[in-house]
Protein chains: 2
Amino acid sequence: MATQAAFAVRFPQLARPSRGQGQPAAAAARVAVRGGGRAAAAAARGVRCRAGGLIEPDGGRLVELVAPEEGGRRAALRREAAALPHRVRLGRVDTEWLHVLSEGWASPLRGFMRETEFLQALHFNAVRGADGSLVNMSVPIVLALDDAQRRAIQASAATSVALVDAHDRPVAVLRDIEIYKHNKEERIARTWGTAARGLPYVEEAITNAGDWLIGGDLEVIEPIKYNDGLDQYRLSPAQLREEFARRNADAVFAFQLRNPVHNGHALLMTDTRRRLLEMGYKNPVLLLHPLGGFTKADDVPLSVRMKQHEKVLEEGVLNPESTVVAIFPSPMHYAGPTEVQWHAKARINAGANFYIVGRDPAGMGHPTEKRDLYDADHGKKVLSMAPGLERLNILPFKVAAYDTKHNKMNFFDPSRKEDFLFISGTKMRSLAKNRESPPDGFMCPGGWKVLVEYYDSLAPPEGSSKLREAVAA
Amino acid sequence: MATQAAFAVRFPQLARPSRGQGQPAAAAARVAVRGGGRAAAAAARGVRCRAGGLIEPDGGRLVELVAPEEGGRRAALRREAAALPHRVRLGRVDTEWLHVLSEGWASPLRGFMRETEFLQALHFNAVRGADGSLVNMSVPIVLALDDAQRRAIQASAATSVALVDAHDRPVAVLRDIEIYKHNKEERIARTWGTAARGLPYVEEAITNAGDWLIGGDLEVIEPIKYNDGLDQYRLSPAQLREEFARRNADAVFAFQLRNPVHNGHALLMTDTRRRLLEMGYKNPVLLLHPLGGFTKADDVPLSVRMKQHEKVLEEGVLNPESTVVAIFPSPMHYAGPTEVQWHAKARINAGANFYIVGRDPAGMGHPTEKRDLYDADHGKKVLSMAPGLERLNILPFKVAAYDTKHNKMNFFDPSRKEDFLFISGTKMRSLAKNRESPPDGFMCPGGWKVLVEYYDSLAPPEGSSKLREAVAA
């Protein structure tokens, strides 16, 4: 019976370093980038220079949509936006997408999707580039309009609108606009593979959004900042590429995380680097890349997770020399196999040529049935077959658990499964809430402390508080 | 405002005849195919011979899964199937898909989908061929199993099962089987873009189907026959290719229809041929290709539609010399933009390099809301962008209506829209039911007679019959 064998996913061959990705090429490219004369000479010889010899962005060139600081462009754009008759106010998730688009995470997209891009994302999880080739793009990046706005804009035959923040301050201009229908039912069904009520992103950003979508080309006035003490972690794809080149990386492996980081993750990262070194890479660098946009209410907030990440580096659980910690500004869809493609594709644009895919990536419980929304294996299967991701090397996640025999996190060994303890997010939460300690070596002490403090800071749930009052009375 | 311009679909350039598709190449290829010596000589010169110079099937070779008549293969297969311990009984729609697969309409698929193909169809509307290239495949072609069957097959570690008809007679063997979960909710949401109850295909073939799917390689014992007096119209892709080559076609344009044919359709067909001749093709042949599989209860049945098609040719509304009428054996999904890709892709395998796409192809009313299920323009937009259909020339449907000024069907002219009368399917039905005549020239007399007889043969709806009794009483 072929069931088991056929279930096995055919992962692309792990690429060995080749010219253009290997160390010597990387070094040459850095020299070329920094030494203008040599770059010109290299170009004259027909040598293609890429910063750090990193993987090319989708579409061949990183899209950057923020007006340059020099030359008065920002002031001019601000004046233009202020004078435009139509203003579309951005909600929290809209602003996160604007941020994503402005820095080229979604290259080659140059703005909120027009209808052809929207339809391609929904039906094919990929859009066609200018040269006809397919670029992966699995989630719609769209901006909604209500009917009154739509009518006003169409009545005036405007071709541009200003995008403004919650205080009505212009943040961008959207040009060559196109307005088209926002069929929410179809968008949700095709993106999530369900129409069940209770999908977090849907409730946050779709249910109450307008019935029209507006697409166009973006020009953003200045870099998006959140002023939450974490902006220094919000490195753009261009900044990350520069950093990888500076570190002389000849392979970049990305890890997406939206949950508290523990030593199992660290073990996986360290082991991945070891495997890449064995393959012949000289300096594989980890992009440890927690998601920073919208997450559901019961996920641990970004500020807490970032403090934890700081501890992981401070306490030497991960080597700071081969690790770049940064924030991925995208909001979370919790759309499983559809969304994991977006998570991977965006990291290509930041220079990653290896992507570590977990069990049930971007998954969650079904909102109305007692089961996981997605088959835990579908994420990595879909990712390994996705159009436009052929260049990316997919690394399957090796499951780590607490090894009670060796008192540390270890890769799960099915031959002695009784030795292993799986500590779920729920378990971790309940331990932290009750101020119990996890087993030694599960998480670095600083990281655990951050988590306990977070749970302490939460108001106790209503039920238990009433219980305490009852007990006290 | 760019809305209107951006709405315009970018249709692929209409291909002009080129070597390999043009008449001389076609003639040469036919000679080569029929004259073994010349074919060998041509092959020696590196000339690639294809029957009639027609468009290549997906995957480069037409898949044919019916055992050859010669050499005792059918008897051996029948014995093998009879001896297999596990039998899966095919329902009506399963048999239609078996038919579709067996003749290579879904080339390069070689059987019911395994999970990797199923996931690719759902997420990408395309599957990767052996060489890594993408082939369009937008609807899942799958076979369901219930839990008891799944357990029995898995317990025995069988690698093949027999597929049997309603009378338990073996029709095929499925080899190298793979069993995987049938997540109906996800399948429906991703295929139809809705989870609304009342989708005809879902109610017919999914709701009551098992929770597992079984994929594998098919070997079919003998050609599928229905013995309904229409089998002579059920030409396989290979037979159609042979017919097009025999007619010396240098372009084949396909038209999919599931509704009664009227003179507006005929006008469109005739006009398309004229345009293809103007482009330089010498002998464009029409594949008039009504869908013959499952349709919803209120659609006009195949037998009636085929009688109508016969009349259209008999009465010279279409030229029999440049028209091939045949039945497309697929069941109907009514899945709009998703399904139209299947309709187009299957016709490539039958040799068509032009496909006429209508308004709202494969569309229907929303089952629970008062609106069309799909945006009427999305079908042709999605079709024009679909991965794997780049080789197909998409011809947009020109809308015809009854021109009251010239008393015939004519292409709609918006400059004198008051002259045009649109006769919907519902209107046609109500006219035929009430034995009223449509306007002169709307439909050929024989075709109209067939339709009137069909409606006469239907039992009157309960309401009206009660009304008649009430009136009579």
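Nothing here was measured: the structure is a model prediction, and the numbers come from that model. (Residues numbered from 1 in each chain as written. Chains lettered and ligands numbered in written order. Predicted model: local features only at pLDDT ≥ 70, side-chain atom pairs only at ≥ 80, totals over all residues. Heavy atoms only, no water.)

## Comments concerning the overall build of chain A
Next up, step 1: Scanning chain A from N- to C-terminus turns up 17 helices and 15 strands.
Next up, step 2: For chain A, the residues scored as buried account for 56% of the 473 residues in total.
Next up, step 3: Pairs at least 24 residues apart make up 76% of the contacts formed inside chain A by residues separated by at least 6 positions.
Next up, step 4: For chain A, the computed accessible surface area is about 20100 Å², with 50% contributed by carbon and sulfur atoms. (Helix = DSSP H or I, 4+ residues; strand = E, 2+ residues; numbered from the N terminus. Buried < 20%, exposed > 50% of the residue type's maximum accessible area, 1.4 Å probe, protein only. Contact = heavy atoms within 4.5 Å. Areas by Shrake-Rupley, 256 points an atom, 1.4 Å probe, with all protein chains shown as cover.)

## Considerations on the interface of chain A and chain B
Next up, step 1: Counting from both sides, the interface comprises 53 residues of chain A and, opposite them, 53 residues of chain B.
Next up, step 2: The salt bridge partner of Lys 381 of chain A is Glu 115 of chain B, with a shortest N-O separation of 2.5 Å.
Next up, step 3: Summed over the shared surface of chain A and chain B, the result is 23 residue pairs in polar contact (both at pLDDT 80 or more).
Next up, step 4: If you list the elements that add at least two residues to the side of chain A that touches chain B, you get α1 (3–7), α6 (115–124), α7 (147–156), β6 (170–181), α8 (184–192), α13 (336–349) and α14 (378–385) of chain A.
Next up, step 5: Residues that form the side of chain A that touches chain B fall into these classes: 24 nonpolar, 15 polar and 14 charged. (Salt bridge = Lys/Arg side-chain N within 4 Å of Asp/Glu carboxyl O. Polar contact = N/O pair within 3.5 Å; in protein donor to acceptor, adjacent residues only side chain to side chain. Nonpolar A, V, L, I, M, F, W, Y, C, P; charged D, E, K, R; others polar.)

## A closer look at empty space enclosed by the protein
Next up, step 1: All chains considered together, the criterion is met by five cavities of 30 Å³ or more.
Next up, step 2: What the largest cavity holds in volume is close to 50 Å³.
Next up, step 3: Forming the walls of the largest cavity are Leu 122, His 123, Asn 125 and Arg 190 of chain A together with Leu 122, His 123, Asn 125 and Arg 190 of chain B.
Next up, step 4: Across the lining of the largest cavity, the residue classes break down as two nonpolar, four polar and two charged. (1 Å grid on protein atoms, 1.4 Å probe; cavity = no way out; pocket = protein on both sides within 12 Å on 5 of 7 lines; lining within 4 Å. Points joined across faces, edges and corners; volume = space filled by probe spheres on them.)

## What to know about the sheet that holds strand β4 (residues 144–145) of chain B
Residues and elements named next belong to chain B.
Next up, step 1: An order of β1-β5-β6-β7-β4 is seen for the five strands of this open sheet, with the pairing classed as mixed. The open sheet has two edge strands, β1 (87–89) and β4, and neither has a second partner.
Next up, step 2: Here strand β6 (residues 170–181) runs beside strand β7 (residues 212–220); their pairing, made up of eight bridges, is antiparallel. Bridge assignment links Ala 172 to a residue of β7, and that residue is Val 220. (Pairing = 2+ DSSP bridges.)

## Quick notes on unusual backbone geometry
Residue and element names in this part refer to chain A.
Next up, step 1: Geometrically, the link from Ser 107 to Pro 108 is a cis peptide bond, its omega value of 5° lying close to zero.
Next up, step 2: Mapped onto the secondary structure, Pro 108 falls in the loop between α5 (92–103) and α6.
Next up, step 3: Unlike most non-glycine residues, Asp 360 shows phi in positive territory, near 50°.
Next up, step 4: Checked against the element boundaries, Asp 360 lands in the loop between β11 (354–357) and α14.

## Considerations on the UniProt feature "domain: ATP-sulfurylase PUA-like" (unreviewed entry) in chain A
Next up, step 1: When the UniProt feature table is mapped to this numbering, "domain: ATP-sulfurylase PUA-like" (unreviewed entry) covers residues 55–222 of chain A.
Next up, step 2: In the segment residues 55–222 of chain A, helix accounts for 35% and strand for 22%; the C-alpha atoms at its two ends are 27 Å apart. (UniProt positions renumbered as here; feature names shortened; annotations may be inferred.)

## Focus on the packing of aromatic side chains
All names here are of chain A.
Next up, step 1: Enumeration according to the criterion identifies 20 aromatic pairs over all chains in this entry.
Next up, step 2: The interplanar angle of 70° and the centroid separation of 6.4 Å between the aromatic rings of Tyr 201 and Phe 294 together place this pair among those described as edge-to-face. You can see Tyr 201 sitting in helix α9 (residues 200–205) and its partner Phe 294 sitting in the loop between β9 (284–290) and α12 (302–314), a full 93 residues away along the chain.
Next up, step 3: The class of Phe 294 is buried, set by a relative accessible area of 6%. (Phe/Tyr/Trp six-rings, centres within 6.5 Å; stacked < 30°, edge-to-face > 60°.)

## Side note on the relation of the copies chain A and chain B
Next up, step 1: Between the two copies, chain A and chain B, the superposition gives an RMSD of 0.0 Å; the rotation angle is 180° and the shift along the axis is 0.0 Å. In short, the pair behaves as if placed about a two-fold rotation axis.
Next up, step 2: The residues that chain A uses at the interface reappear at the interface of chain B in 100% of cases, marking a shared surface. (Least-squares fit on C-alpha atoms with pLDDT ≥ 70 in both.)

## Focus: the sheet that holds strand β1 (residues 87–89) of chain A
Residue and element names in this part refer to chain A.
Next up, step 1: Taken in spatial order, the five strands make up an open sheet running β1-β5-β6-β7-β4, and their pairing is mixed. With one partner strand each, in any of the chains shown, β1 and β4 (144–145) form the two edges of the open sheet.
Next up, step 2: Relative to strand β5 (residues 160–164), β1 is paired through three bridges, and the arrangement is parallel. By the bridge assignment, Arg 89 is partnered in β5 with Val 164.
Next up, step 3: The sheet contacts of helix α4 (residues 73–83) involve β1, β5, β6 and β7 (212–220), and relative to β6 the element is tilted by about 50°. (Axes fitted to C-alpha atoms, helices over the stretch in contact; angles between N-to-C directions.)

## Description of helix α7 (residues 147–156) of chain B
Next up, step 1: With a side-chain oxygen positioned 3.2 Å from the backbone nitrogen of Ala 148 of chain B, the residue opening α7 of chain B is Asp 146 of chain B.
Next up, step 2: Following α7 of chain B by one or two positions, Ala 157 of chain B adopts a phi angle in the positive range, close to 55°.

## Focus: the side chain of Arg 187 of chain A
Residue and element names in this part refer to chain A.
Next up, step 1: Secondary-structure assignment places Arg 187 in helix α8.
Next up, step 2: For the buried Arg 187, no salt bridge exists, and the shortest N-O distance to an oppositely charged side chain is 7.8 Å, to Asp 94.
Next up, step 3: Of note is the side chain of Arg 187, whose polar atom sits 2.9 Å from the side chain of His 182. (Lys, Arg positive; Asp, Glu negative; His and termini not counted.)

## Topic: the pattern of salt bridges
Next up, step 1: Here the structure, examined in full by the defined rule, presents 72 salt bridges over all chains.
Next up, step 2: With a closest N to O distance of 2.7 Å, Arg 247 of chain A and Glu 243 of chain A form a salt bridge.
Next up, step 3: Between Asp 211 of chain B and Lys 184 of chain B there is a salt bridge, and its shortest N-O distance comes to 3.7 Å. Of the two residues, Asp 211 of chain B sits in the loop between α9 (200–205) and β7 while Lys 184 of chain B sits in helix α8 (residues 184–192), which places them 27 residues apart along the sequence.
Next up, step 4: Overlapping salt bridges bring together Asp 271, Arg 274, Arg 275, Glu 278 and Lys 398 of chain A as one network.

## Describing the pairing of strand β8 (residues 251–257) of chain B
Residues and elements named next belong to chain B.
Next up, step 1: Where burial is concerned, most of β8 is hidden: seven out of the seven residues are buried.
Next up, step 2: Here β8 shows no split at all, with Ala 251, Phe 253, Phe 255 and Leu 257 on one side and Val 252, Ala 254 and Gln 256 on the other all buried.
Next up, step 3: Bridging between β8 and strand β11 (residues 354–357) involves three bridges; their strand directions are parallel. Paired with Ala 254 across the two strands is Tyr 355, which belongs to β11.

## Some points on the packing of α13 of chain A against α14 of chain A
Residues and elements named next belong to chain A.
Next up, step 1: The N-to-C vectors of α13 and α14 enclose an angle of 55°; their axes lie 8 Å apart at closest approach. Our classification of the angle between α13 and α14 gives oblique. In this structure, the crossing between α13 and α14 has a hand that is right-handed. Together, Pro 337, Val 340, Gln 341 and Ala 344 of α13 and His 378, Gly 379, Val 382 and Leu 383 of α14 make up the contact between the two elements.
Next up, step 2: Looking at the contact of α13 with α14 residue by residue, the classes come out as five nonpolar, three polar and no charged. (Parallel < 35°, antiparallel > 145°, perpendicular 65-115°, else oblique. Left-handed = near helix turned anticlockwise from the far one by under 90°.)

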